[in-house]
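Take a look at the letters that make up each chain.
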Amino acid sequence: MLDINFIRNNPDKVKQAIDHKHENASNVDQILELDTQRRSLIHACEQLKSKRNEKSKEVSELKKNGHDASRIIEETKKIGDDVKSLEEKLKELEPQITNLLLRIPNIPAADVPIGKDASDNVIVKTWGQRKTFDFTPLPHWELGRMLNILDMERSSKISGSGFILLKGLGAKLERALYCFMLDLHTREHGYTELFPPFLVNRTSMTGTGQLPKLEEDMYRTATDDLFLVPTAEVPVTNIHRDEILSYKDLPIYYTAYTPCFRREAGSYGKDTRGIIRVHQFNKVELVKLVRPETSYTELESLLANAEKVLQLLGLEYRVAKLSTGDMSFAAAKCYDIEVWAPGLDKFLEVSSCSNFEDFQARRINIRFRDEDGKLRFVHTLNGSGLALPRTVIAILETYQQQDGTVIIPEVLQPYMREIKAITRQ
RNA sequence: GGAGAGGUGGCUGAGCGGCUGAAAGCGACGGUUUGCUAAACCGUUGUGGAGACAAAAUCUCUACCCCGGGUUCGAAUCCCGGCCUCUCCGCCA
């Protein structure tokens, strides 16, 4: 969330950000109005408390010297009642303000293109050569069925639509991919590997910003009020919640594999075929906690780390700098990586790399003490490195042969017991 | 699931309802001493909020001893609820 002081001093910037992000956000003027009320209540309340503390001390003195204190006790009781009534008003007001504050989006960075949606995103990079085929490339669901590695009919029998059942070398390819990604990021890019819980509590979900806005998109276990993680970002970023780190600890780089669970409420009818959009998918996530002054160079290197996966897999991709209208609520700047899927004849988003500046850190209260002993909020970043299903799609569709077999990219072969191709099983 | 014990500052650990934002020790930081290191000695050492100030520095007030309620003129301390940790038993991959 934003600092209330920042909103107070820069209401127009905040309003402009809301406008540019096309967010259905809280009313800034209303927040400021409530904030003014809040502060005057606090002031009045604290003055009364001060008076009460003084009187209590007098009582203590009088009693110690054996005098009667009943008159002052009566007076003080009255003050206590007034304090209580002011506190009740505050207790009503404060959650209102917090709730409104939680629905104000982050301010986009200065170099983010202003636009209304994805059509205003700017392609900043393309990598790889467009693969040409002397036959018509098939979509992955055809390949998956022919090779008997993907069974969408039976997965929907087990769980409903939008769930993946991988079989044989399909399952092995999946496992090879996330092992390869984790190895790359830990060995080459300096990330620490984590294996976090897959269920998290409400506080964690609120900390990273999935709640309160997106509760409808989350799977929740009713009896325990736990949520299935929609991304490893949630457990991993929350690791240092309410902590004060040392500047010596920074930067912190974490990577984690988790399944991701998303109800995809409201997206019915979109990308329904195959495994483009599913309720459960695997992902390797990259998370960074860094010093504020380094966060934008850290964003570039995080993006490069994610790109590296596709480069090593030999998959064509492009990088888009998201416009204000397409950016997420909490991001200050965001790049999407999109991989080319020849069978679908389109690009698919496989990673979203964002700098949240101190927006998440403020919500989640992660600070660090710098060399001067000052407390400052860290900047948080994250990105997929990468999401699995769409990477699988790109591999199957890019490396398909005329006979329907699929060549395994060389970097994955050591993870596949040196199998070089997936053939009909 | 049953029974018990416990949650105090960066850590260990005292704490009678008022003199406790909190003893003591450790650590960290600064200084003195020292050829260097160590040791010794001296000093500093929380955070949030509100207000004063143009702002910073600073100052004042207020809150915080797991969280939330309650009792009281006054709560780290008493009472109730919750969360978490540990031990034992049961169940279990």
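Summarised in this report is the structure supplied together with it. It should be emphasised that the depicted structure is a prediction, and the values quoted were computed from it without experimental measurement.

Topic: the overall build of chain A
Right, so step 1: A count of helices and strands for chain A gives 12 helices and 16 strands.
Right, so step 2: Over its C-alpha atoms, taken along the principal directions, chain A stretches across nearly 100 × 45 × 45 Å.
Right, so step 3: Within chain A, buried positions represent 50% of all 425 residues.
Right, so step 4: Long-range contacts, defined here as pairs at least 24 residues apart, represent 74% of the contacts in chain A between residues at least 6 apart.
Right, so step 5: When the accessible area of chain A is evaluated, it comes to approximately 20500 Å², of which 48% is carbon and sulfur surface.
Right, so step 6: Each charge class in chain A was averaged separately, 59 positive and 62 negative side chains, and the resulting centres sit 2 Å apart.

Structural notes on the packing of helix α3 (residues 28–64) against helix α4 (residues 70–102)
Right, so step 1: For the pair α3 and α4, interaxial distance at closest approach is 8 Å and the crossing angle is 155 degrees. Here α3 is positioned roughly antiparallel relative to α4, judged by the angle of their axes. When you trace α3 past α4, the crossing you get is left-handed.
Right, so step 2: Of the residues contributing to the contact of α3 with α4, the split by class is 19 nonpolar, 6 polar and 13 charged.

So, the environment of L86
Right, so step 1: Relative to the assigned elements, L86 resides in helix α4.
Right, so step 2: When its relative accessible area of 14% is taken as the criterion, L86 is described as buried.
Right, so step 3: Along the primary structure L86 and I42 are separated by 44 residues, whereas in three dimensions their C-alpha atoms are 8.2 Å apart.
Right, so step 4: Residues in contact with L86, not counting those within four places in the same chain, are L41, A44, C45 and L48.

Side note on α4
Right, so step 1: The end-to-end C-alpha separation of α4 is 47 Å, in line with the 48 Å expected for 33 residues at 1.5 Å each.
Right, so step 2: Buried residues in α4 make contact with α1 (4–9), α3, α8 (202–207) and α11 (359–364).

What to know about the pairing of strand β11 (residues 346–355)
Right, so step 1: Most of β11 sits inside the fold, with 7 of its 10 residues counted as buried.
Right, so step 2: Direction of pairing for strand β10 (residues 333–341) relative to β11: antiparallel, over a ladder of 9 bridges. Bridging across to β11, D336 finds its partner in S352.
Right, so step 3: In this structure, the hairpin formed by β10 and β11 is closed by a connection of 4 residues, where D345 is found at a positive phi of approximately 60 degrees.
Right, so step 4: Pairing between β11 and strand β14 (residues 379–387): 2 bridges, direction antiparallel.

Focus on empty space enclosed by the protein
Right, so step 1: Scanning all chains against the criterion turns up 1 cavity of 30 Å³ or more.
Right, so step 2: Within this model, the largest cavity holds a volume of roughly 50 Å³.
Right, so step 3: If you trace the largest cavity, you find it lined by I149, L150, L166, G170, L173, I275, V392 and L396.
Right, so step 4: Secondary structure elements with two or more residues in the lining of the largest cavity: α7 (169–188) and α12 (388–398).
Right, so step 5: Here the residues of the lining of the largest cavity sort into 7 nonpolar, 1 polar and no charged.

Regarding the protein's contact with RNA strand B
Right, so step 1: Around RNA strand B, the structure places 21 residues, and the nearest of them are E46, N53, S56, T76 and R367.
Right, so step 2: What you see for RNA strand B is that sugar and phosphate hold 71% of its atoms within 4 Å of the protein.
Right, so step 3: With respect to RNA strand B, the backbone of S56 contributes an N or O atom lying 3.1 Å from a base nitrogen.
Right, so step 4: Between RNA strand B and K91, the relevant distance is 3.2 Å, taken from a phosphate oxygen to a side-chain nitrogen or oxygen of the residue.
Right, so step 5: Counting residues per element, the ones that place at least two in the surface near RNA strand B are α3, α4 and β12 (366–369).
Right, so step 6: With 13 residues, α3 is the single largest residue contributor to the surface near RNA strand B.
Right, so step 7: By residue class, the composition of the surface near RNA strand B is 4 nonpolar, 6 polar and 11 charged.

A closer look at the sheet that holds strand β9 (residues 317–321)
Right, so step 1: The 8 strands are arranged β1-β9-β10-β11-β14-β8-β7-β2 in an open sheet whose pairing can be described as mixed. Two strands close off the open sheet at either side, each with one partner strand: β1 (122–127) and β2 (192–194). Here the strands of the sheet are splayed against their neighbours by 25 degrees on average, with no regard to which way each runs.
Right, so step 2: Relative to β10, β9 runs antiparallel, the two being bridged by 5 bridges. Bridging across to β10, Y317 finds its partner in V339.

Reading the values: rules and limits
- Residues numbered from 1 in each chain as written.
- Chains lettered and ligands numbered in written order.
- Predicted model: local features only at pLDDT ≥ 70, side-chain atom pairs only at ≥ 80, totals over all residues.
- Heavy atoms only, no water.
- Helix = DSSP H or I, 4+ residues; strand = E, 2+ residues; numbered from the N terminus.
- Buried < 20%, exposed > 50% of the residue type's maximum accessible area, 1.4 Å probe, protein only.
- Contact = heavy atoms within 4.5 Å.
- Areas by Shrake-Rupley, 256 points an atom, 1.4 Å probe, with all protein chains shown as cover.
- Lys, Arg positive; Asp, Glu negative; His and termini not counted.
- Charge placed at Lys NZ, Arg CZ, Asp CG, Glu CD.
- Axes fitted to C-alpha atoms, helices over the stretch in contact; angles between N-to-C directions.
- Parallel < 35°, antiparallel > 145°, perpendicular 65-115°, else oblique.
- Left-handed = near helix turned anticlockwise from the far one by under 90°.
- Nonpolar A, V, L, I, M, F, W, Y, C, P; charged D, E, K, R; others polar.
- Expected span 1.5 Å × (residues − 1).
- Pairing = 2+ DSSP bridges.
- 1 Å grid on protein atoms, 1.4 Å probe; cavity = no way out; pocket = protein on both sides within 12 Å on 5 of 7 lines; lining within 4 Å.
- Points joined across faces, edges and corners; volume = space filled by probe spheres on them.
- Near = heavy atom within 4 Å.
- Polar contact = N/O pair within 3.5 Å; in protein donor to acceptor, adjacent residues only side chain to side chain.

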